[in-house]
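Coordinates in review
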Amino acid sequence: MQLYRAGIAAVAAVAMTALAACSGGSASGAKGHPSAAGHQGGTLTLLTLDNPGSVDTAINYGTAWAEENIVYDGLMAYQKTTGSAGNKLVPDLATAIPTPTDAAKTYAFHIRQHIRYSNGTTLKPSDVTNTFERMFKVHGPTAGAFYRGIAGAPACLAKPPTCDLSTGIVANDSANTVTFHLLAPDGEFLDKLALAFAFVVPSSAPNTDVGNNAMPGTGPYMFKQYTPNKQIKLVRNPYFKEWSPAAQPKGYPDTIVLAFGLPLEGAITEVENNQADAVVSAESLPADRLNELSTKYASRTHLNSATAIFYMALNVQVAPFNNIKVRQAVNYAADRNALVKIQGGPKLAVPSCQVLPPQFPGYQQYCPYTASPAPGGRGPWKAPDMAKARSLVAASGTKGQTVTIVNPNTPLGKSTGVYFEGLLNKLGYKASLKLLAPEVANTFVKDSRHKVQITTTIWYQDYQAASDFLVPLTGCAGFRPESGANANISEFCDHKSSADMDRALALQVRDPTAANQLWANIDREVTNQAPMVVMFNPKVVTFVSARVGNFKYNSQWGPLWDQTWVQ
Amino acid sequence: MTRVEPSEQVSLPTENAARPAAGGGPWILAGRRLSHNRSAMAAATLLAIIVAVTLLAPLYAHHVAHTDPFGSNLAGRTIVDGKHVDVLQQSGGLGLGVTPIGPTWDVHHYFLGADSEGRDVAARILYGGQASLLIAVGAALGSMLIASVLALVAGFFGGLVDTLLSRLMDILWAFPVFLLAILITTVSLTQGLRFGPISISTSGVVLPIVVIALIFVPFQYRPIRGQVLTVRERDFVKAAIVQGASARWLLWEEILPNVVNTLIVFLPLVMGINLLVESGLSFLGIGVQPPAASWGSIIGDSQNLLYTRPWVAMGPGIMIVLTVVGLNVLGDGVRDAFDPNVRRLVPAA
Amino acid sequence: MGTFIVRRTLWTLLVLISISVLVFLLFFSIPGIDPAVAMAGRNPDPATIRAISHAFGLDRALPIQYLLMMKHLFVTRDLQSYTNQGIRVIPEIAAAAPVTLSLVAGAVVLWLVFSIGIGLVAAVFRGRAIDRILMILGLIGIATPSFLLGEAANIVTQSKLHDTPLFHWVPPLGYTPLSQDPVMWFKHLIIPWVVLASAQFIGLYSRILRSSLLDVMHEDYVRTARAKGLSERRVLIRHVLRTSMITFVSLFGLDLGSLVGGGVVLIEVVFALPGVGLLTFQAASGLDLPVIMATIMYGAFFIVLANLLVDIGYTWLDPRIRPA
């Protein structure tokens, strides 16, 4: 997922995906309910810069997932816990994880009975069919990318208003079953059922973007209030009865408030003074304040790795980056130790050269673009190699060409833009920088008609699968020439690696381990082709009040706010 | 941003300013009056010093501070109290975040400290001054030129042309002026600035000059048109027209001298306003585009450093205030010099 | 009089319509920024983009699009933002307007009281030390960008002197509605009020008032009033001040209209007040046409209104214009 609207703190929750357990709070008494019973109740107040936009589950792309995942349920769920266990799929509205049949194209689910939405109606299997048809009817942003493999989906994409998935998703309300028929095997289908887009909503939900009038859900909380200029207020869903502590546990706070409008500076001060409980922000906290969080409030500052890459996309279709030597030269020249300072130093970002982030399926450390690389490149980045970069540029014969960097007008976009402008000038190019508002920049660089040469981009995971990075960012499928919808900003389409990706996707249905090895090979293949300059993998800082306990990070949803204690 | 109408701040020179007076032309006379005005002379000196200092920016950057004021210097090191240190220093404790070094008060090494890219703030303020002053002058001349041409056309032809132009200006007048500037700028930054086939680069100082010049046209148009009409209505001009005086005579001998006088009186004050508008736009990140800098954009870039490194914002801020004060005092002086009958806004200091 | 009002209203309408057309055309002069792409999210399917385009009417002819937008803004009042999905524009402005009104109202009180006071004192003591000091301070005020003064105030009250009794009461930046907590409302706004009033306004208005006071003091009717034996204070208040307020009031009206309409964007940015100016700025940055359209219309309305009121106030204030 690409991030934009930084400064408006849009993509709050998913920006904070993390793997490592945090430094404090999670050790004591979190396991069983009895010892934690005393922590039930209270109001958790989160501060963020701006409202997350529409909370329509089919439409919202990450800005409200931290709220949505405790209001709604999918058939599947990621275990609500920290660490690698947080990536484990468990059945949620389904009673069990089905074994696919029909050459891995059919998934038959039994749906739990007596589950009720917050409006009192009972969950029916036909709601599942309706949820997916609705996703196409409201033009869900991922309807095409993730769910076009369901039988009947291609027609829905072409003509949303008449979407009919009754052949692809067969619901039987009396037998309490839902059966999915896919057009081809999909090793990641169960993951896709656990995403927020696939959260099940009642059939009575309108087939239009509900905006801030949230739909009822089956989770432990419900949207009580959403005033776009003030706050979102979640309260307990009176009809919720815990059915699976792993998939959807009962929460601790009685009320969760997400208040908007306070700038980060003010938000940090309020949390320091314990007037609010946490700062939620997609962009990094102000450099001004990190020092005091680091020293004075170290015990309340949680540091977590994000499964994301910050990179410069190099457009391989236009000069000079259509020359592999030039792309490799920039990779050799980029001083990732310097770039890491943009994010706040080595504690907040880890230098990287490859597409996949650490701890991801298929990740094997690889960095050929460093001075004195490890054998076979299988080691960390150490230092830039300007000499090599210069000789590559000289060999490419592209010296003196003009390069325009198009970047978002955010602190990150500005700093990286100025850095690479200087670097490209040093390598002998005539570089200039063009800064656009974040929302505009995001749309602009994704439009392949604009032929943007180089831009700073961020990619966060949608879910933990190597394909979620490699396919959209470097696969032929993601590259759309002459189109406004080109996610593959590098416009990189190598038919060999793309064919490998298809093989890996097919392989992981039956042999995930072998598939991961293949993904690692593809990661190296693509990195060698250098369609991007990967700068670093970021970490995320969460600052909480003194009364917050049991702080837990989930790699999919970010902080599990329902699991934190405020008393 | 307040809406400041130059037309309201100064009283227009009345006709005696343009009429030849005893003892030399009006300009010589005005110059003589100006040179006797001590506060105006002090302001002129201050402005001259500011201009000179900003022009010396390359000298300072290359030969005194040995620094590149525009290039990223994230991994840079420097010398403080004889010790080599990082320009961007790591926090203690958990080690989150980096902080640029503060003022060293050593002209050779980061006199006013560094900004978040590790660049020398003092050198940037000097270069930023060049951009700010250039925009102030360029936009003032630009808007005056456009407004004068339109006003001359309107005043000269009168009738329908005048009505149409004046109504158009009235419509533009109703635009929230600073918001209009924001709108034009953001649109232009996306796709470049285009007037039909002509496309203008948005880097550097061109875009702010064009935008600020455009938004102030309606404000300058009104008084200049009034000036043109006043001249036309004068008895001896009317008489000359009746007697068949040529349009060229009317333009060159009667109207233009008056308009030019008005413009000269406006110039310093308009420059002051332009400087403030430019700094506001650049502060919002939509004025001068990086890596170029203006005083306003340096302040805008320093928002993340406001509390730890206040000098990054206050340094260019002081320069803005000094320059605008100088321009206002000089402007008052110029007006008094052209029209000694108008009472002065500023008491002689 | 009736025809005057009708003509004036028609003219106002024409101005507002022209402005909306100008904004619309300005926006559509940018090729390649398709709002539907922004709305379709990451890695969207081209079919999805077409569908969104159609749903929002973006595939229609420009004049139709314009009329559709006007209909959603003024008739059905359900215009939606392009970038902030699902969020309606009119409630957003309705929520932002009180913030800007609160900010401007307080600053106006300060700036009127201080500029009239300073203008009078300076005119009465013209040429003396107090006059010079006040006018120089005014000059510095005029020359100080509001955002700079605001940042300086933040440095002092939020950081450097925040832990002293002097500024310990200052809350973190932001806004609290008057209806929710009047004390917090006041605490949040007092520093922005002072900054907004002192950067430019007090200085400008006191200088203008002083100079028109000095002009008027020499007018015939003032001399007559003096000759009739009225006390100096009575002359000053009844005759001089009233006439001198003409320039003052006309400028004031225009400034007020512009500020209420969103001209305070810089102060709103510096003090994180979610007002109309900030809303317009964010919308303009994101090229969010529906919000830009609505906020610019809102701002232009106040400016046109202010122009009208100034014209009326003019005739009322100036004894030379007033019919006998």
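Residues numbered from 1 in each chain as written. Chains lettered and ligands numbered in written order. Predicted model: local features only at pLDDT ≥ 70, side-chain atom pairs only at ≥ 80, totals over all residues. Heavy atoms only, no water.

Remarks on the overall build of chain A
Helix and strand content of chain A: 16 helices and 19 strands. With the C-alpha coordinates of chain A rotated into their principal frame, the extents come out at 70 × 60 × 40 Å. The buried share of chain A, taken over its 567 residues, is 67%. Looking at chain A alone, contacts between residues at least 24 apart form 72% of all its contacts between residues at least 6 apart. Here chain A has roughly 17,700 Å² of accessible surface; of this, 53% comes from carbon and sulfur atoms. Across chain A, the mean location of the 47 positive side-chain charges is 4 Å away from that of the 40 negative side-chain charges. (Helix = DSSP H or I, 4+ residues; strand = E, 2+ residues; numbered from the N terminus. Buried < 20%, exposed > 50% of the residue type's maximum accessible area, 1.4 Å probe, protein only. Contact = heavy atoms within 4.5 Å. Areas by Shrake-Rupley, 256 points an atom, 1.4 Å probe, with all protein chains shown as cover. Lys, Arg positive; Asp, Glu negative; His and termini not counted. Charge placed at Lys NZ, Arg CZ, Asp CG, Glu CD.)

Quick word on the pairing of strand β12 (residues 308-314) of chain A
It is a general feature of regular strands that their side chains alternate between the two faces of the sheet. All names here are of chain A. Where burial is concerned, most of β12 is hidden: seven out of the seven residues are buried. On β12, burial covers both faces: Ala-308, Phe-310, Met-312 and Leu-314 on one face and Ile-309, Tyr-311 and Ala-313 on the other are all buried. Two strands pair when backbone bridges link them, and β12 and strand β16 (residues 454-460) are joined in this way by seven bridges, in the antiparallel orientation. Residue pairing in the sheet places Ile-309 in a bridge with Trp-459 of β16. Bridge count for β12 against strand β17 (residues 532-543) is four bridges, and the pairing is antiparallel. From the neighbouring strand, Met-312 faces β17, where its bridge partner is Val-533. (Pairing = 2+ DSSP bridges.)

Some points on the domain arrangement of chain C
Residues and elements named next belong to chain C. Taken domain by domain, chain C holds domain 1 (2-89) and domain 2 (95-321). Spacing between the C-alpha centres of domain 1 and domain 2 amounts to 34 Å. For the pairing of domain 1 and domain 2, the buried interface totals around 1,700 Å² over both sides, and the portion due to carbon and sulfur atoms is 85%. Counting across the domain 1 and domain 2 interface gives two residue pairs in polar contact (both at pLDDT 80 or more). Within the residue set of the side of domain 1 that touches domain 2, elements represented by two or more residues are α1 (2-28) and α4 (62-75). Examining the composition of the side of domain 1 that touches domain 2, we find that 10 residues originate from one element, α1, more than from any other. (Domains from an automatic or database assignment. Buried area = accessible area lost by both parts, 1.4 Å probe. Polar contact = N/O pair within 3.5 Å; in protein donor to acceptor, adjacent residues only side chain to side chain.)

A short note on the sheet that holds strand β10 (residues 278-279) of chain A
Residue and element names in this part refer to chain A. Pairing within the open sheet is mixed, and its five strands lie in the order β7-β8-β9-β1-β10. Of all the strands in the sheet, just β7 (221-227) and β10 have a single pairing partner and so form its edges. The sheet contact formed by strand β1 (residues 43-47) and strand β9 (residues 255-259) spans five bridges and is parallel. Bridge pairing in β9 links Thr-45 to Val-257.

Some points on the packing of helix α6 (residues 159-173) of chain B against helix α9 (residues 217-233) of chain B
Residues and elements named next belong to chain B. Running from amino to carboxyl end, α6 crosses α9 at an angle of 140°, the nearest separation of the two axes being 9 Å. Taken as axis vectors, α6 and α9 run oblique relative to one another. Both α6 and α9 take part in a crossing whose hand is left-handed. Facing Asp-162, Leu-165, Ser-166, Met-169, Asp-170, Leu-172 and Trp-173 of α6, the residues of α9 in contact are Val-217, Pro-218, Phe-219, Tyr-221, Arg-222 and Arg-225. (Axes fitted to C-alpha atoms, helices over the stretch in contact; angles between N-to-C directions. Parallel < 35°, antiparallel > 145°, perpendicular 65-115°, else oblique. Left-handed = near helix turned anticlockwise from the far one by under 90°.)

A word on the confidence of the model for chain C
All names here are of chain C. Residues with a pLDDT of 70 or more make up 94% of chain C, whose mean pLDDT is 83. Averaged pLDDT values over the elements of chain C bottom out at 73 in helix α9 (residues 220-227) and peak at 92 in helix α5 (residues 89-124). Interface confidence for the predicted complex, given as ipTM, is 0.86, next to a pTM of 0.86. (pLDDT = per-residue confidence, 0-100.)

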